[in-house]
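A look at the structure
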Amino acid sequence: MNQNGIVILMADDDDDDYLLTQKAFKESKLLNSLCRVKDGEELLDYLKCRGQWAKKRECGRPGIILLDLNMPKKDGREALKEIKSDDELKDIPVVVFTTSKAEEDVYKSYQLGVNSFITKPVTFEGLLQVIQTLGKYWFEIVELPAKVEEPSV
Amino acid sequence: MPEKKIKPTLKTDPVDVLHIDYQQLFNSLPDQYLAFYPDDPDFTIAAESQAHAINTMVTPGDAVGKPVFDVFPDTSEKHIKTGVSDFKESLRKVIRTGRPDIMDTLQYDIPRPDGTMETRFWQLTHYPLFDSNHKLELLVQSTHDVTQEVTAGNKLQRAEQRLDEALEVGQIATWSWNISSNKIIGDRNLALLFGISEKDAAKGLPLPAFLDAIYEDDRDRVTKEISDVLKSGDRYVSEYRTVTRDGVIRWVIVRGRIERNVKGEPINFPGALVDITERKIVENNLTYLAKASAVLSESLDYRQTLQTIAKLMVPDFTDWCGIEILDENNILQQVAVAHKDPEKVKWAQELRRTQGPPNLQESSGTANVLRTGKPEFYPHISDELLVASAKDKKELKLLRDLALSSVIIVPLKVNNKAVGVISLIATDGKRDFTESDLEMAEGLANRASLAMTNAALYDEAQRELAERTRLEEALWTANEELESRVEARTSELAAAILGLQRSNQELQDFAYVASHDLQEPLRKIQAFGNLLQNEYNDVLGEGSDYLARMRNAAARMSALIEDILSFSQVSTKGREFIPVNLKTVVQEVVSDLEVRISDTHATLNIIDLPTIHADPMQMRQLLQNLIANGIKFHRDDAAPVITIRASTVVPSNDKIKYCRLEIEDNGLGFDEKYLDRIFAVFQRLHNRDSYEGTGIGLAVCRKIVERHGGTITATSKLGKGSTFIIMLPMRHKKGENLL
């Protein structure tokens, strides 16, 4: 948990990428609660407290979503669309975190209301830098909307 | 005047005792006498009677004793021309013969007192006077002046002559019809016109005799006219034709007057008629021409028209009318033949069929007219002419049977070339064609020729029109066909383009996804390799080296994949050509390469670059590659200096304007034998360790340049530097960059 207690929810199907990212977060000393879902379906289920998270969410409502675009079942683009068109969810900042550099992805993501678009660096050093900057930006510089109470079951 | 007494020189003088004064006797005779001495060649006047002197305007006594020609010179033409005087000859004859001579009435002009000559006519008788010995003693002239009678007679004669002339010239005939005695008395002209003898005409004949002479077509009408006017009317005017004894038809205009008694019964019917044949011919000819013109202008079917015209000519103008035209094989075909009698027409057609067309080599007739283009005119054909022109007895018989008496042959011309003839033939001497008729025939031929020319031209025009219509239609059809083929082609092409675009897109997507998916494991290798290196370096030992090579390999693969993607994207991700300011592009590249430029202390000289039609992204890529190369391959001993210049070029075999770009560096240079290699994909002139890069840069440049319809090449000197030369069209046509 970071100082603010903000949860970062990462949606990524790639275990390796998740491992690296975790490592980067750790090395950046951003001891946020980094939660993970594996695809777009899980993401929406988690956010809407559906499916396996119907009863309880370990990490609670996320303060930021790190969204990979290319995922099975439901990809990031679709998930993004749903999140940003959902009144209850649209206030959660979404940062697309993808290997894709495609301009079209960038354009479409911003069109859908993404808050930022970051291309995953190739090297670990690069990844580390990004995570550090990410932490500084979103947790120190930027004001995030107030935490909403967990709906009681 | 001394009186010379005549003394009779009689040898014996029985009447001596009378002592008659002959002079006195002579003088007192009431008639006119002259006496001459016979043995005097000058015929001196011996004596004259007083009456004579008075009549001849001579003072009595003056003439006596003078030679006769002194007093009365012979001024007759004969005497003046030949010196012979009939007067003196008569006297000499009396001397010779001893008998009296009676002279015919002669004109012997005599001088007036003022010297002028007066015309006189005399009847002279000369007597011999013998003495008792029968010797000629005197010539006595008994003078009878008949001047008055003669002049009066001449006047009458002349008047009569004039009347006759008038009657003849005006061809006036007169008649007088005594209705009660039913006798029509006519003059000579009337007799001629009605084919009766002068004698009968003078005696007088009843009406039927004259009616018979009227041309059969007019007879009934005239008969009725006469009976009508007799019943009620006082003036008679009419026009009709008569047939003379020779069978010649004459046109006459007739005027008469009815004289009636108190009861209103017609008593006398005098009148006159004038032969107006010539005028009528001219009138009729004009009418024929007018009718012919009308017929000719009605239809373009000239065959039918010519037949109509031939029929128009008979029977009034002529007995036979034939029209012949040359066909395509130059054979004279009978197009029309007309005669009042249909049987004769059939006969003529049959004759033509059996005899065949005339020989065009003949020296006269139709052949001649066709050859010379001039008409032939035989106003009156005598039997001799028939005999002369007939080839054989058979033909002579034929000609005689035909009884042709007057012929006109006129040519029909199309485009000034004789293509046929119109023949007009009168038979049985009914009438002889005149100059006026020839004129009419020529006028007819001209109009017919014109009509035929028009018809020919019309036919030609029609044919041409039909041909043109056909061609137009063919063209139209061909055009339509072409259009539909073009349409089909266009849709094919459009479909092909669509297909290609789709496949392009697919390829693009594939390439992108492929490279993306290929990159992903490489990233993992690199990333974990990195971590491994960082976290376990101390325990790796040599393994560190292996790890480094692995990471290197992965990195290289990643670069290759990127380059492949980039290379493929030159065409798949190519954009529309728009005006691109090359100077701006270079400046952007320079700012992108800022780090490298400052690291190598590179200098860039940009000399005026133009704006061209191009894909902006690709121009960026192109220039970036080239400039980066220039910086990369620098010499150790010299900081890179890169000059970029441009010029406009129009190659001789091309009409397009090109922008010629030169990127010159002072770097390593290369052996020009490797020129083709350097532009090939993944080809390098240095090994991996010397210079980074996959060797795709120039290949991409070439692909970009080719996409723009241009060329790229280079010149170089090893160790000195290289110049890359690019030709790019300044402008492109729309749609050139669809792919």
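Each remark here, short or long, concerns the structure printed above.
What you see as residue numbers is a count from 1 along each chain, following the sequence as written. Whichever chain is written first is A, and whichever ligand is written first is 1; the rest continue in order. Totals for whole chains, interfaces and linings use all residues, but because this is a predicted model, local features are given only for residues with pLDDT of at least 70 and pairs of side-chain atoms are given and counted only at 80 or more. The side-chain figures draw on all heavy atoms in the structure; neither hydrogens nor water molecules are used.

Moving on: the overall build of chain A. For the purposes of this entry, the term helix denotes a DSSP run of H or I that reaches at least four residues, the term strand denotes a run of E that reaches at least two, and both are numbered from the N terminus. A count of helical and extended segments in chain A gives 5 helices and 5 strands. Note on exposure labels: buried denotes an accessible area under 20% of the residue type's maximum, exposed denotes more than 50%, and partly exposed covers the range between, all computed with a 1.4 Å probe on protein chains only. Residues counted as buried form 53% of the 153 residues belonging to chain A. Taking the contacts inside chain A whose residues are at least 6 apart along the sequence as the reference set, 66% of them involve residues at least 24 apart. Roughly 8100 Å² of accessible area belongs to chain A as shown, and the carbon and sulfur atoms make up 50% of that amount. Contacts are assigned to residue pairs that have any heavy atoms within 4.5 Å of one another. Reported accessibility uses the Shrake-Rupley method at a 1.4 Å probe radius. Residues are deemed covered only where the shown protein chains occlude them.

Assigned secondary structure in chain B consists of 23 helices and 26 strands. A total of 739 residues make up chain B; the buried ones form 39% of that total. Taking as baseline every contact in chain B between residues at least 6 positions apart, the subset at least 24 positions apart corresponds to 57%. Roughly 43100 Å² of accessible area belongs to chain B as shown, and the carbon and sulfur atoms make up 54% of that amount.

Right, let's get into the side chain of Lys74(A). Turning to its location among the elements, Lys74(A) is positioned in the loop between strand 3 (64-67) and helix 3 (76-84). When residues no more than four places from it in sequence are discounted, the contact partners of Lys74(A) are Asp39(A), Gly40(A), Glu41(A), Leu44(A), Ala79(A) and Glu82(A).

Let us now look at the nonpolar core. Residues and elements named next belong to chain B. We define the nonpolar core as a collection of buried residues of types Ala, Val, Leu, Ile, Met, Phe, Trp, Tyr and Cys that are connected through side-chain atoms lying within 4.5 Å of one another. Of all hydrophobic cores here, the largest spans 41 residues; its most connected members are Met-619, Leu-622, Ile-627 and Ile-726. Where this core is concerned, the elements lending two or more residues are helix 19 (582-592), strand 22 (611-614), helix 21 (616-632), strand 23 (641-649), strand 24 (658-665), helix 23 (697-707), strand 25 (711-717) and strand 26 (721-729). When residues in this core are grouped by element, the largest group, 7 residues, is from helix 21. If we ignore the near neighbours within four places in the chain, the residues touching Leu-622 are Cys-701, Ile-704, Val-705, Ile-726 and Leu-728. If you look at the next biggest cluster of nonpolar residues, it comprises 34 residues, including Ala-292, Val-410, Val-419 and Ala-448.

Another point: the sheet that holds strand 19 (residues 417-427) of chain B. All names here are of chain B. In short, DSSP must find at least two bridges between two strands for them to pair. With antiparallel pairing, the 5 strands of this open sheet are ordered in space as 16-15-19-18-17. Of all strands in the sheet, those bounded by a partner on one side alone are strand 16 (332-339) and strand 17 (376-378). Here the strands of the sheet are splayed against their neighbours by 15° on average, with no regard to which way each runs. Inspection of the sheet shows strand 18 (residues 404-414) paired to strand 19 by 10 bridges, in the antiparallel sense. Residue pairing across strands places Val-410 opposite Ile-422, the latter belonging to strand 19. To get an axis, fit a line to the C-alpha atoms, keeping to the stretch in contact for a helix; angles then go from 0 to 180 degrees between the N-to-C directions. Lying over the sheet, helix 13 (residues 342-355) contacts strand 15 (320-326) and strand 16, oriented at roughly 165° with respect to strand 16. Helix 17 (residues 435-540) rests against strand 15, strand 17, strand 18 and strand 19 of the sheet, and its axis sits at about 30° to strand 18.

Moving on: the interface of chain A and chain B. Taken together, the contact pairs 18 residues of chain A with 13 residues of chain B. The quantity reported as buried area is the accessible area (1.4 Å probe) lost by two parts once they are put together, taken as the sum for both. For the pair chain A and chain B, the summed buried area comes to about 1300 Å², and 53% of that belongs to carbon and sulfur atoms. Taken as a group, Leu20(A), Thr99(A) and Val122(A) account for 34% of the area that chain A buries against chain B, more than any other trio of residues on that side. The term salt bridge refers to a pairing of a side-chain nitrogen on Lys or Arg with a carboxyl oxygen on Asp or Glu at a separation within 4 Å. Joining chain A to chain B, the criterion identifies 4 salt bridges. Between Glu535(B) and Lys23(A) there is a salt bridge, with its nearest N and O atoms 2.5 Å apart. Of all the secondary-structure elements, those providing two or more residues to the side of chain A that touches chain B are helix 1 (15-27) and helix 5 (124-141) of chain A. In terms of residue count, helix 1 of chain A provides more of the side of chain A that touches chain B than any other element does, 6 residues in total. Split into classes, the residues belonging to the side of chain A that touches chain B amount to 6 nonpolar, 4 polar and 8 charged. Each residue gets one label: Ala, Val, Leu, Ile, Met, Phe, Trp, Tyr, Cys and Pro are nonpolar, Asp, Glu, Lys and Arg are charged, and the others, such as Gly, are polar.

Residue and element names in this part refer to chain B. For the pair helix 11 (residues 277-298) and helix 12 (residues 302-313), the least separation of the axes is 9 Å and the interaxial angle reads 160°. With respect to their mutual orientation, helix 11 and helix 12 come out roughly antiparallel. For helix 11 against helix 12, the interelement crossing comes out right-handed. Touching Tyr-288, Lys-291, Ala-292, Val-295 and Leu-296 of helix 11 are Thr-305, Thr-308, Ile-309, Leu-312 and Met-313, all from helix 12. Residues that form the contact of helix 11 with helix 12 fall into these classes: 7 nonpolar, 2 polar and 1 charged. Small angles under 35 degrees read as roughly parallel and large ones over 145 as roughly antiparallel, with 65 to 115 read as roughly perpendicular and the rest as oblique. Crossing chirality is assigned from the near helix's rotation relative to the far helix, an anticlockwise turn below a right angle marking it left-handed and a clockwise turn marking it right-handed.

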